[in-house]
Amino acid sequence: MLKAFRDAFRIPDLQRKIIFSLLLLAVYRLGNAIPTPGVNSEALASSSGNNSLLGLIGLISGGNLAQFSIFALGVLPYITASIVIQLLTTSIPMLEKLSKEGEEGRKKINSYTRYAAIILGTVQATIFSIFVTRDAGNIAPGWDPGVFTILIMVLTQVAGIAFTMWIGERITEVGLGNGISLIIMAGIIARYPAEISATAQLFRSGNLTILPLLGFLLVVLLTIAGIVYIYQAERRVPVQYARKQVGGKSYGGQATFLPIKVNQAGVIPVIFASAMLIIPNLLQSATATSAPAVSTFIQRYLAAGTTWYTVLEVLLIVGFTYLYNSVQFDPKRIAEQLREAGGFIPGVRPGAATAEFLGKISTRISLWGAIFLALLTVIPQIVQRLTGVTTFQFSGTGLLIIVGVALETLRQLESQLTVRRYDGFISKGRIRGRLQE
């Protein structure tokens, strides 16, 4: 990795791309330190624990909602809108047609995604603004918790969402890597220095011994290694294309493979599951005075960290993994495309038999992907309880995002170096990408 960046900085064009991306990420992080007008950020941060609404959403988005900064929602509306548009593409004929029109269709779908993100962001900003203004202590001196203050907060958040999307798109177009993914990764990594410092302070004060700390670090390293392994793991289904005779010349006939990734869904099932589990917390807050028995039941059995909460989270992750994979990977469509292109799987008849064969493979792989995501969610909770390292928010989802974005950025850097004839780096590198298949 260090060698890749060293080689890249020797090329002026790549050097400009990297510096440009880092500068825009710095602008984004600077915006996270600017509080929204009318908000008492210190009071809000002290009341926003991990079991509160702001704390849970902050962990999901990878951003910083604790202080309700101008970029508090960040790319969360855009991510949600992208997932919804992606799911609708397979069910709405107009969107499906646009997805097959190449670059122009992709641009139109991106425009619809941005509009949906602004609309969704406006709704989310209104909900959070009302939530913040319910407590008079969260309001800055000189501001009244009325409609005008809520309107200012909503407008600020919507402007922040639009500016964050612009930063992400500029990084993707001009810089290096996927801008939205890099923004999410930057939001997660930004919390680490303070958490590492708090863990070190816990160790120096004698509240944490060396053995639990070493065990915690070992599990983190093993988790990262497992993520790298599973992230690049795939089932390669062999595909043979029939040879065609055109005008005395022979075309086709080559053998290739159809890659099916073990973790096709990424972190999306975890995000969906976490979003669904926010509902009990909302009900607990809403019924605290009107129905104390219901509020107590939810707090006892469905609060974050309880056994039933963890079981329900695992079941939701497994269910959403199968749901998302069934939408993204359509065996019938792939079998039809193979038949139209003259391709077939050796030993399997084209058409319905191929679709059934691919469906069985996808189902088995989805199970292992779901187990992997469930372990990434459960293991950090167990490790923190056993080691007592509660100052560091060990999140398997966060590590999955960081590792995935890092690998994809390195692959893009590899392709840029290959174009500029840096063959030596590729031949010696250990990151397995499409260029090395």
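Definitions and cut-offs
- Residues numbered from 1 in each chain as written.
- Predicted model: local features only at pLDDT ≥ 70, side-chain atom pairs only at ≥ 80, totals over all residues.
- Heavy atoms only, no water.
- Helix = DSSP H or I, 4+ residues; strand = E, 2+ residues; numbered from the N terminus.
- Buried < 20%, exposed > 50% of the residue type's maximum accessible area, 1.4 Å probe, protein only.
- Contact = heavy atoms within 4.5 Å.
- Areas by Shrake-Rupley, 256 points an atom, 1.4 Å probe, with all protein chains shown as cover.
- Polar contact = N/O pair within 3.5 Å; in protein donor to acceptor, adjacent residues only side chain to side chain.
- Axes fitted to C-alpha atoms, helices over the stretch in contact; angles between N-to-C directions.
- Parallel < 35°, antiparallel > 145°, perpendicular 65-115°, else oblique.
- Left-handed = near helix turned anticlockwise from the far one by under 90°.
- Pairing = 2+ DSSP bridges.
- Salt bridge = Lys/Arg side-chain N within 4 Å of Asp/Glu carboxyl O.
- Patch = residues over 30% accessible without salt bridge, like charges linked within 9 Å, V, L, I, M, F, W, Y side chains within 5 Å.
- Phe/Tyr/Trp six-rings, centres within 6.5 Å; stacked < 30°, edge-to-face > 60°.
- pLDDT = per-residue confidence, 0-100.

J.: Could you give me a rundown of the overall build of the chain, with the residues and numbers involved?
T.: Secondary structure summary: the chain contains 19 helices and five strands in total. Expressed as a percentage of the 437 residues in the chain, the buried residues total 43%. Nonlocal contacts in the chain, meaning residues at least 24 apart in sequence, comprise 71% of its contacts between residues at least 6 apart. A total of about 23,000 Å² of accessible surface is found on the chain, and carbon and sulfur atoms cover 65% of it.

J.: Account for the side chain of Asn32, naming residues and giving values.
T.: With respect to the element layout, Asn32 can be found in the loop between α2 (12–31) and α3 (41–47). Asn32 gets classed as buried once you look at its relative accessible area, which sits at 2%. Of the polar contacts made by the side chain of Asn32, one reaches the backbone oxygen of Tyr28; its length is 3.2 Å.

J.: Could you give me a rundown of the packing of helix α16 (residues 331–340) against helix α17 (residues 352–387), with the residues and numbers involved?
T.: Contact geometry for α16 and α17: axes closest at 8 Å, N-to-C directions at 135 degrees. Considered as vectors, α16 and α17 are oriented oblique to each other. Classified by chirality, the crossing of α17 by α16 is right-handed. Note on element contacts: α17 touches α16 through Thr354, Ala355, Leu358 and Gly359, opposite Pro331, Lys332, Ile334, Ala335 and Leu338.

J.: So what's going on with the pairing of strand β1 (residues 234–241)? Residues and values would help.
T.: Pairing of β1 with strand β4 (residues 255–261), which is carried by seven bridges, proceeds in the antiparallel orientation. Considered in β4, the bridge of Arg235 is made with Ile260. Examined bridge by bridge, β1 and strand β5 (residues 343–344) share two bridges and lie antiparallel to one another. For Tyr241, the partnering residue across the bridge sits in β5 and is Gly343.

J.: Tell me about the side chain of Glu313, residues and numbers included.
T.: Mapped onto the elements of the fold, Glu313 is located in helix α15 (residues 307–328). The contact partners of Glu313, leaving out residues within four places of it in the chain, are Ala273, Ser274, Leu277, Thr377 and Gln381.

J.: Go over the environment of Gln328 with me, naming the residues and quoting the values.
T.: Inspection of the secondary structure puts Gln328 in helix α15. A relative accessible area of 30% places Gln328 in the partly exposed class. Put simply, Gln328 and Gln264 are 64 residues apart on the chain and 8.3 Å apart in space, counted from C-alpha to C-alpha. Setting aside anything within four residues of it in sequence, one finds Gln328 in contact with Gln86 and Arg333.

J.: An account of the pattern of salt bridges is needed here, citing residue identities and associated values.
T.: The full count for this structure, using the stated rule, is eight salt bridges. A salt bridge links Glu195 to Arg191; the shortest N-O distance between them is 3.9 Å. The exposure class of Glu195 is buried, given its relative accessible area of 9%. Accessibility expressed as a relative area gives 23% for Arg191, which makes it partly exposed. A salt bridge links Arg236 to Glu234; its shortest N-O distance comes to 3.1 Å. Residue class for Glu234 comes out partly exposed when judged on its relative accessible area of 26%.

J.: Let's hear about the sheet that holds β5: which residues, and what values?
T.: On the basis of which strands lie adjacent, the open sheet formed by three strands has the order β4-β1-β5 and antiparallel pairing. Two strands bound the open sheet, and with one partner strand each, they are β4 and β5.

J.: With reference to specific residues and values, describe a nonpolar patch on the surface.
T.: A surface patch of nonpolar side chains, about 550 Å² in accessible area, is lined by Val84, Leu88, Ile92, Met94, Tyr112 and Tyr115. Of all the secondary-structure elements, those providing two or more residues to the nonpolar patch are α5 (76–89) and α7 (102–133). If you trace the backbone, Val84 turns up in helix α5.

J.: Explain helix α9 (residues 179–189) to me, and be specific about the residues and the numbers.
T.: Most of α9 is tucked away: nine of the 11 residues are buried. For α9, the full list of buried residues reads Gly179, Ile180, Leu182, Ile183, Ile184, Met185, Ala186, Gly187 and Ile188. Its side-chain oxygen 3.3 Å from the backbone nitrogen of Ile180, Asn178 forms the N-cap of α9.

J.: I'd like to hear about the packing of aromatic side chains, residue by residue, with values.
T.: Under the defined criterion, the tally for this structure stands at three aromatic pairs. Taken together, a centroid distance of 5.8 Å and an interplanar angle of 10 degrees make the contact between Tyr28 and Phe71 stacked. One end of the pair, Tyr28, is in helix α2; the other, Phe71, is in the loop between α4 (53–61) and α5, and 43 residues separate them in sequence. Using a relative accessible area of 3% as the deciding quantity, one classes Tyr28 as buried. Residues Phe163 and Trp166 carry aromatic rings whose centres are separated by 5.7 Å and whose planes lie at 20 degrees to one another, so their mutual orientation is stacked. Here Phe163 pairs with Trp166, and both are found in helix α8 (residues 147–174), just three residues apart, close to one helical turn. A residue is classified by how much of its surface remains accessible, and Phe163, at 34% relative accessible area, is partly exposed. Taken together, the ring pairs connect Tyr28, Phe71, Phe163 and Trp166 into an aromatic cluster.

J.: If you had to explain the environment of Ala198 to someone new, which residues and values would you point to?
T.: Tracing the backbone through its elements, the reader meets Ala198 in helix α10 (residues 192–204). For Ala198, a relative accessible area of 31% puts it in the partly exposed group. For Ala198 and Thr390, which are 192 residues apart along the polypeptide, the C-alpha to C-alpha distance reads 9.5 Å.

J.: Give me the confidence of the model for the chain: which residues, what numbers.
T.: Counting all residues, the mean pLDDT for the chain is 80, and 86% of those residues have values of 70 or more. By mean pLDDT, the top-scoring element of the chain is α8 (92), and the lowest-scoring one is helix α19 (residues 423–428) (48). Segment residues 49–53 is flagged for pLDDT under 50; beyond a separation of four residues in sequence, or across chains, it makes 13 contacts in the model. Low pLDDT, under 50, characterises residues 430–437; the predicted model gives this stretch 23 contacts beyond four residues in sequence or across chains.

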